[in-house]
Structure formats: C-alpha cells, structure tokens
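Residue strings, one per chain:
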Amino acid sequence: MKEAKREVVIRFAGDSGDGIQLAGTKFTEASAFAGNDFSTFPDYPAEIRAPAGTIAGVSAFQIRIADHDIHTPGDQPEVLVVMNPAALKKNLLDLAKGGIIIANTYEFTPRNLKKAGFDSNPLEDGSLEGYRVIAVDITSMTREALKDLPLDTRSKDRCKNFFALGICYWMFTRPLEPTINWIRKKFANRPEIAEANVKALKSGYNFADISEIFDARYEIRGATDLEPGEYRVVNGNHSLAMGLIAACEKAGVSLCYCSYPITPASDILHFLASMKNYGVITFQAEDEIAAVCAAIGASYAGSMGVCGTSGPGLALKMEAIGLAVMAELPLIVIDVQRAGPSTGMPTKMEQSDLLQALFGRNGEAPVVVIAPSSPSNAFDIAYKAVEIALRYMVPVIILSDGYLANNAEPWLIPREDTLPDIKVETFEGNGKFYPYIRDEKTLARPRVIPGTPGLEHRIGGLEKEDITGNISYDPLNHEKMVRLRAEKVERVQDIIPPIEVDGEDEGDLLVLGWGSSEGAIIGGVNMVRREGYTVSRAHLNYLNPFPPNLKELLSRFKRVLIPENNRGQLSLLIKGNFNANVVTYSKVQGKPFFRMEIYRKLKELLNEECAG
Amino acid sequence: MKSAQVKWKEYASDQEVRWCPGCGDYAILKAVQQAFADLGLSKEKVVIVSGIGCSSRFPYYMATYGFHTIHGRAPAIATGVKLANPELSVWVITGDGDGLSIGGNHLLHACRRNVDLKVILFNNRIYGLTKGQYSPTSVVGTKSKSSPFGSIDSPINPILFALSAGASFVARSVDIFQKHLKSMLVEAGRHKGLAFIEVYQNCIIFNDGTFSDVTSKEGKRKRVLWLEDDYPLTFDEDDSKALTFDSDLMDLKVTDDKDKALVWNSDGRYDIFAYKLAQIDNPTAFGIFRKICRPTYEELVREQIFALQKRKGGKPTLSELFNSGERWRVLGDGVIKKLVR
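It should be emphasised that the depicted structure is a prediction, and the values quoted were computed from it without experimental measurement.

**Description of the pairing of strand E12 (residues 304–309) of chain A**
Residues and elements named next belong to chain A.
- Most of E12 sits inside the fold, with 6 of its 6 residues counted as buried.
- Every second residue of E12 is oriented toward a common face, with Met304, Val306 and Gly308 on one face and Gly305, Cys307 and Thr309 on the other, all of them buried.
- Judged from the 3 bridges that link them, strand E10 (residues 255–259) and E12 form a sheet pairing that is parallel. In the strand pairing of E12, tyrosine 257 is matched with valine 306.
- Of the strand pairs in this sheet, E12 and strand E13 (residues 331–337) are connected by 4 bridges, and their pairing is parallel. Among the inter-strand pairings, cysteine 307 is bridged to a residue of E13, identified as valine 333.
- For the crossover that starts at E12, traverses helix H12 (residues 311–327) and ends in the parallel E13, the hand is right-handed.

Structure follows, in structure tokens:
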C-alpha cells in the first residue's frame, strides 16, 4: 500500500565519513527524475576532521520533495535517517512531532552513546516515545549483502550509505536507475566498487520491501506546476559563478576572479578555478585586500574584475572599493554573508552586511547593492551585476549568504541565444579626450583600455576635476563630483526591473523581504492565504538603488512587515527613505526563516487588525 | 613594442611637478624618462601604478597610462593589470613606507609569484608626505616627530627582503648616480619577471643626508662597491680593497689582496653572496644583486588556460557550461519527466 503525500522533508545525518552528502545528492537526483520539485540544504560540520562519532563531526543533508512548486528545503524534517548516536543527538530536536527515525543500530554501542552524550540507549530506553523508530543494523546487513565480494570490511562498510539510501528509495518510491547509472559511470575504472555500491543500494531497497518493519510507503507525485523545459540542480554559489561566466561572455569581456579563501564563499573560487577552459582567470590572492585590488587592476586593464568574500573580508576590502568609486571603474564584490560580528559563526547565514555594503566606506561612496533571492535567481543577479558594472563604470556588491550559497533547487537551464545582450562601449578615441567626461544617459565616464594609443591618462583616489580628471581640491568641484557619483548610481534604476506585487495591489499588509528569505516568505504567505487571509508580498533584489516604483508601492499599504536576518537593517533604510509604517520581524540565529515563523508572525499581525 | 622613437622629454605629462625643491624624486623621474626612451617604450603600452606617499605622485608626471591607487596596494593592483593584459609594461612606484610597511605583504607576494612588474622603491628612510615620522627603513636612533628620543625599531633591509621573497631581478642605485640609475632601470625594463630596484633617495626636508656615507664625495670614492658581471669585487681608492670569500668563516671578508677578489656574477651562481652583499654597508654595493630567468606568473596563468582548452578541444560554449551535470526534461503538463541523454 502506498500512501500519497503532497510533500515530505527528509534529513540524512551521520559522521563526516559516512557519505551523507553523497547520499543526499543521489536522493535529490532520483527525486528530480521522479518529477518532484525539491529544495535541498547541506549542513557540514565546521571542523574539518572532527573525531569520529562526536557531535562536532556530524554531517547532515536535508531535502524537501513535493508534487508542487516549492521554495525552501523545509522547516522541520519528518523523516530522520541517522547513521550513529551523535547524528541522532544533534538532529532530534529538529524532527517534527511523530516523525520517523531510521537508525543504524550497529553504531549504537556504549562507547558511541557516551561520545554523543547519551546516558542510555535512546533506541531502547523509551525516550523516543512519540516518534516512529525504525531500528536497522545497516552496517551488518551491508556486510552480509556484500559477503561474496572480494573487498575488505572497511570498503564494504563504506557502502552502507547506499544501503540506507535503498531503504529510503523504497519508502518514498524513488527510481533506482539514475543512481545505479551514476555509480557505474563514477566507478567505471573500479568495477568491484561499483558492484558493491549497486548491490548495497538494491539490498537496502529489497530489505525494506520484504521486511515488515516498514509498514508505510509513500508516494509523492511529479509536480504539475513546473515550467516545461530542461532542468538541472544548482546551488547559490554555482549559480552566481555561471552567471558571471555567461555575462562576461555576452559582454565580450574576460572574467578575472580574484579571491582569498573564506567560508562560505570559497566554493565560488573552486568552481571558477575549474572553469579555466572558458577563459576564466582565477587569482588566489595573498589577502582580502589584494584580492579586491587585483580585481580593480584587472577591470582597469579591460577585464571584468570580480571578487568573492564574506563579511569580515568585505570589511577589509572597503578602502579599495572606495578607490573604485573614485576612479569610476567596474568592479563586482560578492559577499556571501555569514553570522557576525568578527569571525562570528562562519558556516551560518545572516543578512547583517546590508548596511556595511551600503555605507561601510569612508566618505560619500555609493555603490550598487543587489541581492539574489533564490539559487536560480542568483544566475540572473550575477548577470545583471556585470551589465551594471560595465555600463555604469561602478562597483556592484552582491549580497548572497551562507544559506543561499548551499541551498540547491531545480534550475530551468537558460538557452544561450535567449540571454540578453550586454552592450559595453569602449572608447577608442576621437578628438580631444577627457577621462571624466560623462555619458548623458548613464553618467558613466568613458571606458578606456590601457594600450590604446593617444588616450594615455592618469586616474587615482584623489578628488578629480569634473571632465578633465585632473587632481582638484576645489570645494565646489568636490561637491559636484560627490553628487555626480551618487546620481550615477541612482540612474541604474533605468535598467532594473520594477518591483512586483504578489497579491493585491493595495491593502492593509505588505510583506517586504530581501535576499534569500523569499522562499520562506512565499511559504508563510501561502499558508495564511489558504486560511482565507489577504496579504500582499513583494521582494527586493535591488537595494541600491531601490526599484523606481518602490515608493509608490509602499504608499498603497497601511503596514509593511519586513522579515530579515539582522536587527532591522532594511527596515531602517525603508523608514529613512519612505513614509511607511514598518513592522520589523528580526531573526538573528544563524538560520534562515522558517515558513512557519513567517506564518505565525503574519497571523499575529492579521489578527491584531481584526481585533482593532 | 617599439614604435616611433619617443624622446625622453615626451614622457613628461603636462602636469606641474610638485615635489619639494631639491627632492631626489626629480632625478629619479628624469632617469625613468630617459630609461623609457632607451627602451623604446611606446607611451600607450606603459602603465605606472603607485600607492601613497611622496613618490607615489609619480604617475601624474608621466604621459603614459597611470593609476595612483591606495596606500601599499600598488603591487596587488598592478598584478591585476598584468593578469588582464600581459602585453602592458607595468611599473610600480613605491616608497619605504608604502612598499615595506603597509604594503609589505603585497610586495612579498608579487616577488614570489614573479609577476612581470618593474618595482621602483624610493627609499628615503622617512615618511615625507605625512611630514616626518620614522619609517621601516629608518636607522635605529632616528629622531623624528614620532620618535623624538630616537627610533627603536630595527630597520628592514629592502634588498634582503626582495632576495628572500624570490624576486628574479634585484638591484640598487642612488638618485644622484644618474647614469647608473638609468642603466639599472633599462636592465630592469629588459628583464622578464619581477624586477625590484631600491633607489636611495634623499629627502631634503625631513631626512637630509641620510645616505651621505655613500653620496658624499669621499663616501662615493671610498665606500661604493659596483656590482658588475665578470668584474672583481673591488672598491676604495684605485680599487685598493677587495671582497673575498673566507672559507673558515664561511663569509665575505675585506682584503687588501686584489688577486683574491671574488669575480661577481648576478646570474644566481653566487646568490649566497648576494644575501651577504645586501647586508654589509662598508662597502655598500650598488648594481644588480640577482638577475635570473624563471617563468612569469601571468605566463603560467595563461599556459594553464591554453593547456586545458587544448586538452578539451577549445573553448566550450555557454550551452556546454549550463548543460554540465545531470539534467532532466519537464514535458507538457509536467507530469512526465525524462532523463536527458
């Protein structure tokens, strides 16, 4: 008997060496081929090689699969697969009431229980009452299944993640073929390893099928509301990286990515470093400052200089970003935000660099600030950033975060020929040349590439005289230049899309989000709507300048709820710039919003209205 | 790179030079212009990148491309320029404070990577632009505004720094040794890889005469040791003294026996002596301490790109990028899904 479910959230957890991330990735692919929409989130341990069996060494992977369009990896897992006691200890609190626990009993030894901080075995002492516990000796059963294969025990044990995966494939009616094909391809040179993993997967599946301890089997049908087309999986970091490559290719400008390793942005560097055949130059600099400076140098010499970092790195780059403001050069700085201040919680997300991005430099130094709202959207945002930087000769800061960086979802693969053109004008000389003469429309100064004869000129961080670019300490000239640099950033409004409203165009309550919280906000809003409430929603990708219609939009709502993973930074900007009645909903826990949290907050506000 | 011959005065921009009258920077500016003329550099191919400090105003006075950046970061910015366009002749102008204090890290890494930059370090042993504080090359006991009782920091040795950091060309000259300075700049310009030139430069306002032990008439005669390939290391009146290798002390030693003089070569075979020569001040060595050949950073960067493109059959299309990894197709009403390929 299969029970139909509209969606389910599953979390795999185990020791770092248990192959949890791989199992999760394969479950994701199988779900894609089953036609589901999905969203995933990995949770790696902060320690590189934490001692085996400890809580610090637990690695986890969460996936939400659904028969409809979804936007987050889910608030709470309903199924928890744990490969050892530490994994149970660390993840149990997140498990939904009445949830299913599949536990590998082999690892629940007195020693491992002690390492995880259990006084007694939770699988036996009744402490898991209220959950449905399925205890399986996954390790021994894997060994048994592989007993005829010429492998040592250690190699056999490494297949246990596929045995566990097999159980889950049966439980959630996943196809085995995509994973089997992948295994055979991956281990084409080591057929005995391929065979062992395939066998473990099938054995887990068959065990679940014939064993009576699995009394329930679920089916999540294919999603019917997905746009037709070809899809692949993408996470926020890779999506940004591909957006940069694509935009530079379209603009006819080479991409020079300069970065210093920092969590959670390093993955962008890794991705681009492996893309050298696309002509991408990557430069691992000696420090954060050198990274941004090299990017500025590359932009000056005709490339698109880009660097990726996280909050502490952005702080270090600020003086140089000010130079790019003054010298009016294209530059992109990606800040994959993490919990701060200082070193903070490097692997945890936060949206607390918004004000730093906007105002963290000395002097009046406006830059364009934009933020992707989903892994797929990150591609479009990176693409747009290149266009803005090159056309307006201006630095652009992209605010991603540690959640968005690793969150993965299906991505409708764009077609190369439908990508928008990026027209970059390069000045090559015609008559008298002035380095700070401006384009009437964009206010950009001419983009001149060193090496061009007859246009030799000098730029720098000292204040420039309007038009000639000569050093100037003239008070009125300075004020004029300050205003021109700000006006140039404002004019980026001409090429950004207006903000759209999801729901009624006017009303009592608007939820206004920015960045990676969009998925949770959509989820929460949909939940209250299903209960008959009316609430509108809008999301900001462009934070400086704001979309041109934002002011007018805000004026049509009595109250504006702004959920953000900081103490109210967007709220401050909205209150400072517009006449809006703002309610801040702040969460600063290193974790993104849950749908349920947005739902509860909305209910609270909507009920107040009813009462009032 | 050679085009119509540019006369040295044509490298000067239309900007009025605003260093203090009598500043050593004027002489260096002229030597650079003359060296550029000798090298036959066309103006549009040259980018001069500087940091912050008196010397860093340099780019404004040159009719080439120029970028006056921020304090200490010129080597990093110049690295980016070279990454984007290896064809450019990129010169970094820095000082003892800019290059060895706030920007020490960038200079170190530019040297080790062997980026094809020409770094001219104006060493005046003082902070001039901020009006006279001791610098990282100030000798111990330097009395300045920020060290009224004498500086207590041990100074950094720029030549030793560049040698240790792996610069492939290391030389030293003096602002007023015009001919020698120009020849060092020409050698640096011809060198492929990172060329580091320390120039002793007199700050007439805040540290006048700091190098008088070699720039005074007597000093120049008695104390200057010229490093020239295939010539013996002799100095003083009529080359009466020589440097020789003392195998017991495993060190260089001054001797009156000219026949025992070491014959210098900068090609790396005597690299161990280059370190020693950098550390002694009587005699003080001027000339090329090291000139070796190794691949430049930007060459290696491009080699990797071309090698990969060759191995993978050229530069792929964007479609290939997007379509890498597992894909599936959503059809019609979305219920049916298929593996792609």
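**What about the sheet that holds strand E2 (residues 65–68) of chain B?**
- Read from one edge of the open sheet, 9 strands run E17(A)-E2(B)-E1(B)-E3(B)-E4(B)-E8(B)-E7(B)-E13(B)-E9(B), paired in mixed fashion. One side of each edge strand has no neighbouring strand; the edge strands of this open sheet are strand E17 (458–460) of chain A together with strand E9 (224–227) of chain B. The average angle at which neighbouring strand axes cross in this sheet is 20°, direction not considered.
- Bridging between strand E7 (residues 169–174) of chain B and strand E13 (residues 284–291) of chain B involves 4 bridges; their strand directions are antiparallel. Across the sheet, residue alanine 171 of chain B finds its bridge partner in E13 of chain B, namely isoleucine 288 of chain B.
- Strands E17 of chain A together with E2 of chain B of the sheet are contacted by H12 of chain A, whose axis makes an angle of about 140° with E17 of chain A.

**Quick look at the interface of chain A and chain B**
- Opposite the 74 residues of chain A that make contact, chain B presents 62 residues.
- Around 5,800 Å² of area is buried between chain A and chain B when both sides are counted, 64% of it from carbon and sulfur atoms.
- Sorting the residues of chain A by area buried against chain B places Asn277, Tyr278 and Arg458 of chain A first, and these three jointly supply 13% of that buried surface.
- For the interface between chain A and chain B, the tally reads 4 salt bridges.
- When the shortest N-O distance is used, the salt bridge between glutamate 286 of chain A and arginine 113 of chain B registers 2.9 Å.
- In this assembly, chain A and chain B are joined by 25 residue pairs in polar contact (both at pLDDT 80 or more).
- In terms of residue class, the side of chain A that touches chain B is made up of 46 nonpolar, 15 polar and 13 charged.
- Of the strand pairs in this sheet, E17 of chain A and E2 of chain B are connected by 3 bridges, and their pairing is parallel.

**With respect to helix H4 (residues 104–113) of chain B**
Residues and elements named next belong to chain B.
- When you tally the buried positions in H4, you get 7 out of 10 residues, the bulk of the element.
- Where H4 is concerned, the buried positions are Gly104, His106, Leu107, His109, Ala110, Cys111 and Arg113.
- Where H4 terminates, the next one or two residues include asparagine 114, which has phi positive at roughly 60°.

**Details of helix H1 (residues 25–39) of chain B**
Residue and element names in this part refer to chain B.
- Between the first and last C-alpha of H1 there are 21 Å, a value that for 15 residues agrees with the 21 Å anticipated at 1.5 Å per step.
- With respect to burial, H1 is a largely interior element, 12 of its 15 residues being buried.
- The set of residues buried in H1 consists of Asp25, Ala27, Ile28, Leu29, Ala31, Val32, Gln33, Gln34, Ala35, Phe36, Ala37 and Leu39.
- Contacts from the buried residues of H1 go to strand E1 (46–50), strand E3 (89–95), strand E4 (117–123), helix H6 (178–190) and strand E8 (195–200).
- Phi turns positive one or two residues past the end of H1, at glycine 40, with a value near 65°.

**Quick word on the confidence of the model for chain B**
- When pLDDT is averaged across chain B, the result is 95; 96% of the residues are at 70 or more.
- Model confidence for the complex: the whole-complex pTM is 0.97, and ipTM, which rates the interface, is 0.97.

**Regarding the side chain of lysine 464 of chain A**
- Structurally, lysine 464 of chain A can be placed in the loop between E17 and helix H16 (475–490).
- The side chain of lysine 464 of chain A sits in the buried core without any salt bridge; glutamate 463 of chain A is the nearest counter-charge, 6.5 Å away.
- Side-chain polar atoms of lysine 464 of chain A contact the backbone oxygen of leucine 462 of chain A, separated by 2.5 Å.
- The residues touching lysine 464 of chain A, leaving out its near neighbours within four places in the chain, are Tyr436, Ile459, Gly469, Asn470, Ser472, Asn477 and Met481 of chain A together with Tyr60 of chain B.

**Topic: empty space enclosed by the protein**
All names here are of chain A.
- Within the structure shown, the criterion is met by 3 cavities of 30 Å³ or more.
- In this model, the largest cavity occupies a volume close to 70 Å³.
- In terms of lining, the largest cavity is formed by Ser299, Tyr300, Leu329, Met393, Arg445, Pro446, Arg447, Val448, His457 and Ile459.
- Looking at the lining of the largest cavity residue by residue, the classes come out as 6 nonpolar, 2 polar and 2 charged.
- By volume, the second largest cavity amounts to about 60 Å³.

Conventions used here
- Residues numbered from 1 in each chain as written.
- Chains lettered and ligands numbered in written order.
- Predicted model: local features only at pLDDT ≥ 70, side-chain atom pairs only at ≥ 80, totals over all residues.
- Heavy atoms only, no water.
- Buried < 20%, exposed > 50% of the residue type's maximum accessible area, 1.4 Å probe, protein only.
- Helix = DSSP H or I, 4+ residues; strand = E, 2+ residues; numbered from the N terminus.
- Pairing = 2+ DSSP bridges.
- Right-handed = clockwise from strand over helix to strand, strands pointing away.
- Axes fitted to C-alpha atoms, helices over the stretch in contact; angles between N-to-C directions.
- Contact = heavy atoms within 4.5 Å.
- Buried area = accessible area lost by both parts, 1.4 Å probe.
- Salt bridge = Lys/Arg side-chain N within 4 Å of Asp/Glu carboxyl O.
- Polar contact = N/O pair within 3.5 Å; in protein donor to acceptor, adjacent residues only side chain to side chain.
- Nonpolar A, V, L, I, M, F, W, Y, C, P; charged D, E, K, R; others polar.
- Expected span 1.5 Å × (residues − 1).
- pLDDT = per-residue confidence, 0-100.
- Lys, Arg positive; Asp, Glu negative; His and termini not counted.
- 1 Å grid on protein atoms, 1.4 Å probe; cavity = no way out; pocket = protein on both sides within 12 Å on 5 of 7 lines; lining within 4 Å.
- Points joined across faces, edges and corners; volume = space filled by probe spheres on them.

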